[in-house]
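Listed here are the chains, written in short residue letters.
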Amino acid sequence: MTLTDRLTRASTTSEAGATSAADAAFDVFLDWAGEQGLTLYPAQEEAVLALAGGAHVVLATPTGSGKSLVAVAAHAQALAQGRRSWYTAPIKALVSEKFFALVAIFGAEQVGMLTGDAAVNPEAPIICATAEVLANHALRDRELADIGLVVMDEFHFYTEPDRGWAWQVPLLLLPDTQFLLMSATLGDTRPFEEDLTRRTGRETIAVTGIERPVPLEFEWVLTPVHETLELLLRDDRGPVYVVSFTQSSAVEQAQALMSVDIVSSARKAAIKEA
């Protein structure tokens, strides 16, 4: 049973009204998360409760603290209240990844995707899109846009000289929309809180923290990347993510790693067959 099915069942037994729908969605979400083996961290619970209460939320917690789970709760609450919600990110690959993740949670009929070169189920109640797509909708439709809630991932892109406008425009032109602004690298969030509340009349709550629920280890090494990877895998410290700061460098790095002997010949054959 998808989370959507659970929400639908709960909505038929709850009292009428948006507030009770959000409360019912919160309970359904907690039950669903528990069945996934997930227990909410205090920051997650604080953010989800604030969203259920109708507030904007600035979620500025470290990487690995479960911001994506808060986003799922936000979409669930919006769906239960009959509001259309959007998830935005700066990179099409991240939008696509989130699309498939939300499809698995809510069901294919409930989730769509809009990027510069792809449109899948565009009338769905939950839309995954690049930030520029949402900004263009806001510029075109403004307060008439049917957008009840927006999750802005990687919100620190707000300060990008070339692309920051796409994060700024929805905040300026969608006064009736509820926002969840997420980033692990935000500084002082008070200007966002004060500005959002002033323009929308909706309370803005910041959920911040510097403690990582999942500890992060730092190590400085001088060995080449391919040797470092081999050492990590030898010590059973995988999976390993290799980060590049441009697409071209990522392609170059991937090609260089093709010569690294990571798996056995038999495993390679099995992978190729699959």
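Below is a summary of the structure that appears in this document. (Residues numbered from 1 in each chain as written. Predicted model: local features only at pLDDT ≥ 70, side-chain atom pairs only at ≥ 80, totals over all residues. Heavy atoms only, no water.)

A look at the nonpolar core
What tends to happen in soluble globular proteins is that the nonpolar side chains get buried as a cluster. Within the largest apolar cluster, 42 residues are counted, with the highest numbers of intra-cluster contacts made by Leu-3, Phe-106 and Leu-180. If one sorts the elements of this core by residue count, helix α4 (residues 67-80) sits on top with nine residues. Contacts of Leu-180, omitting those with residues within four sequence positions, involve Leu-51, Val-57, Leu-59, Val-70, Ala-71, Ala-74, Val-150, Val-151 and Met-152. (Core = buried A, V, L, I, M, F, W, Y, C linked by side-chain atoms within 4.5 Å. Buried < 20%, exposed > 50% of the residue type's maximum accessible area, 1.4 Å probe, protein only. Helix = DSSP H or I, 4+ residues; strand = E, 2+ residues; numbered from the N terminus. Contact = heavy atoms within 4.5 Å.)

Here's the deal with the sheet that holds strand β4 (residues 118-120)
Overall, mixed pairing links the eight strands, which are arranged β4-β3-β5-β2-β6-β7-β1-β8 in an open sheet. A single partner strand is all that each edge strand has here, and the edge strands are β4 and β8 (204-208). Neighbour to neighbour, the strand axes of the sheet diverge by 15° on average, direction disregarded. Here five bridges tie strand β2 (residues 85-89) to strand β5 (residues 126-130), and the two strands are oriented parallel to one another. Following the sheet pairing, Thr-88 is matched in β5 by Ala-129. Where helix α8 (residues 190-200) meets the sheet, its contacts fall on β1 (56-60), β7 (178-182) and β8, and the angle it forms with β8 comes to roughly 160°. (Pairing = 2+ DSSP bridges. Axes fitted to C-alpha atoms, helices over the stretch in contact; angles between N-to-C directions.)

Structural notes on the environment of Lys-268
Relative to the assigned elements, Lys-268 resides in helix α11 (residues 265-273). Distance in space between the C-alpha atoms of Lys-268 and Ala-73 is 39 Å, their sequence separation being 195 residues. When near neighbours in sequence (up to four residues on either side) are disregarded, Lys-268 contacts Asp-261 and Val-263.

Considerations on unusual backbone geometry
Following Gly-238, the chain continues to Pro-239 via a peptide bond in cis, the omega torsion being 0°. Topologically, Pro-239 is positioned in the loop between α9 (225-234) and α10 (247-257). If you check the backbone angles, Arg-142 has positive phi at about 50° while not being a glycine. Following the sequence through the fold, Arg-142 ends up in the loop between α6 (131-141) and β6 (149-152).

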